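Here is what each chain is made of, one letter per residue.
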Amino acid sequence: MKPKIAAQSGTFESSDVIFLIEPLPDNSGRKLEISSTVMQQFGANFNRIVLEMLDQYEMTDIHLIAKDKGALEPTIKARLETAIKRSLDEQEGTLK
Amino acid sequence: MLNSLGREIPEYIEGIGKLEPFQGALTKLSKGWMDEPTIPAPNKAYLPHQNKLCNSLEEAILRSNPHNGMTVSFHHHLRNGDILLVQTLTILHNMGIRDITLASSSLNECHDPILPYMKDGTITRIYSSGIRSQLGHAVALGVLDIPVVIHSHGGRVRSIHTGKIQIDLTVIAASAADCEGNATGSHGKSAFGSIGYAVIDARYAKQVIVVTDNLVDFPCIPLSISQNFVDQVVVVDSIGDASKIATGTTRITNSPMDLRIAKLAADVIEYSGFFEQGFAFQVGAGGASLAVAKFIREKMKTKGIKGSFMLGGITSYCVDMLNDGLFETIFDVQSFDATVSNSLLNNRRHIEIPAALYANPFNCGCITNKIDVVVLGALEIDVDFNVNVITGSEGKVRGASGGHSDTASGAKLTVVVCPSFRGRIPIIKKRVHTIVTPGESIHVLVTERGICVNPAFPELEENLKRAGLNIKDIHDLEIEVDKITGIPAPLEYTDKIVGVVEYRDGTIIDVIHQLKEK
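What you are looking at is a predicted structure, and each value in this text was computed from that prediction instead of being measured. (Residues numbered from 1 in each chain as written. Chains lettered and ligands numbered in written order. Predicted model: local features only at pLDDT ≥ 70, side-chain atom pairs only at ≥ 80, totals over all residues.)

> Before we go on, may I ask you to explain the overall build of chain B in this structure?
Of regular secondary structure, chain B possesses 15 helices and 29 strands. Whereas a compact globule of 518 residues would reach a radius of gyration of roughly 24 Å, chain B reaches 22 Å, a difference of no more than 12%. Taking the principal axes of the C-alpha coordinates as reference, chain B spans close to 70 × 55 × 45 Å. A separation threshold of at least 6 residues defines the contact pool for chain B, and within that pool the share at least 24 residues apart is 73%. (Helix = DSSP H or I, 4+ residues; strand = E, 2+ residues; numbered from the N terminus. Rg over C-alpha atoms; globule rule 2.2 N^0.38 Å. Contact = placed C-beta atoms within 7 Å.)

> Could you clarify how one ought to interpret the sheet that holds strand S19 (residues 380–382) of chain B in this entry?
Within a sheet, adjacent strands bond to each other through the backbone by hydrogen bonds, running parallel or antiparallel. All names here are of chain B. In space, the three strands of this open sheet follow the order S20-S19-S25, with mixed pairing throughout. The open sheet has two edge strands with one neighbour each: strand S20 (387–388) and strand S25 (428–429). Pairing analysis gives two bridges linking S19 to S20, with the strands arranged antiparallel. Along S20, the bridge assignment pairs Glu380 with Asn388. (Pairing = 2+ DSSP bridges.)

> Can you help me understand the confidence of the model for chain B in this one?
Atomic detail in the predicted coordinates should be set aside for any region of low pLDDT. Looking at chain B as a whole, its pLDDT mean stands at 96, while 99% of the residues score no less than 70. For this predicted complex, the interface score ipTM comes out at 0.91, while the overall pTM is 0.96. (pLDDT = per-residue confidence, 0-100.)

> Would you explain the sheet that holds strand S1 (residues 7–10) of chain A in this entry?
Residue and element names in this part refer to chain A. Strand order in the open sheet made by the four strands is S1-S2-S4-S3, with mixed pairing throughout. A strand with exactly one partner marks an edge of an open sheet, and here the two such strands are S1 and strand S3 (30–36). Within this sheet the neighbouring strands show an average axis-to-axis angle of 10 degrees, counted without direction. In the sheet, S1 pairs with strand S2 (residues 17–23) via four bridges, with the strands oriented antiparallel. The residue bridging Ala7 from the neighbouring strand is Ile21, located in S2. Running over the sheet, helix H1 (residues 39–56) touches S3 and strand S4 (62–68) and is turned about 150 degrees from S3. (Axes fitted to C-alpha atoms, helices over the stretch in contact; angles between N-to-C directions.)

> How should unusual backbone geometry be read in this particular structure?
Note: most peptide bonds trans; most residues except glycine with negative phi. Residues and elements named next belong to chain B. Between Phe218 and Pro219 the backbone carries a cis peptide bond, its omega angle lying at -5 degrees. Relative to the helices and strands, Pro219 is located in the loop between strand S12 (207–212) and strand S13 (232–235). The omega torsion of the bond from Ile221 to Pro222 falls at -5 degrees, within 30 degrees of zero and hence cis. You can see Pro222 is positioned in the loop between S12 and S13. In this structure, Asn65 is a non-glycine residue whose phi angle is positive, near 55 degrees. Following the sequence through the fold, Asn65 ends up in the loop between helix H1 (57–62) and strand S4 (71–74).

So, in structure tokens, the structure goes:
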């Protein structure tokens, strides 16, 4: 699936993460920009969570920006799921 | 060679000398004397009515025999508002002086501008109790060839009177001073309170410059620094940024996490067996630490307990407790906010003390030895209760040894308060990255998820269990927290040593290795 609209979830607070999603033109694949205050310690784990969830929703033609300030795994998953569903216009709270 | 905590310590480091491994908090002291002799302080001679006033800091430095390889010292009572350290080093740099040893009682973010001087050979060695911000990052990455030496507040005094740190020039900031150099921090527009750390520098430095933005008529009272040790006096427009030196009053945190930890810590203190008439108390100024004072204050009032003294870095909250009659006395080596200065100046039970009296292990008894209860923070703590307050989870130098090990070794009850994890990084480790205070000095750890008692103190654990507190084995808590956060990938270090952590008695408790930059 590809995002229908730009969407975001989360906050830029300590122990939280903010996700921003934008649709890209067809056949663009995925463009990911991930930054985290705990990149050295948990970067691999963070990337894995993101990729797994994008696979689960079969997301493509997506530009995803993540700015993490040490969110726990359940927080990351919940924020990303929300951002994806908002970008698919399945859930309220988009940027439109 | 290994020290008694299992840390590998080199026998010798070029530029620092022979190292003695840490063997236990009181092992060296228990001999009853120290082998290192006290070095003589310099003899000086001044003629009657000789003028000490200089037109500028630059002129005063020029008259102070600036030379390559000199040691320059500072005190950090102006905290993040200090401007004299950077000014002094800039003047020395512009004079072409090189190979300087910087011996400041601590270094803060406001000192970041000296980083270029560490890169270009102006500053080649550092002794300090703390290093933070850009300097801490650069030190961790190995900007200096010679490792920095981290000491405690008490240990610094010992290093100076044994000649490990031989000060050629000290620059003492004062918010009031007279033409002879009698000086204080307790009044004036830039008042910062106690000047306790600078007293040993004034006594031992070959050249002593007092810098003030408030020249008062002779004599300047109180004589926190006295004229018989002062070579020159400089009047400047400003000794620092007043808004960052000391402002208003310190507020108690309203973070729910810190308040929960503080409340648990106060319960621990109440049922520890040490909360009794005449107890002596020290708390830090940080979030959860200071909040403990709030709960202890309520408990003292409820139970009708009156304490003996409060010690250390003093906040307005301590002053309020003194004024409430909850404590008899405050001993103040460093003041944290503006209202403290007034109390220090006007209340004879609020006493300014030098660092030697505060915490130096090698004399006839420092006041930290008299503490009953101290509450301290931690960047990391391990399952052996060793505490790290100097290196952060990202491997940078970002804290201060301060009075941590001094007070912990003296207190009957040392309580460490910290959250169990911060921003996904677990604070309770199998092994802390850098040991500053040995686990044997720590009695109890209080986190939001439970209280852990050092197994060396079974009686304390009994007391707390009887009171119904939630006591956990620290190994169990460590595993519990790892399950919540996940296990962080370890940082990578090289073999190069970039920092040496001295215990208060001068033995080496740990070293800091160079961080591999990614």
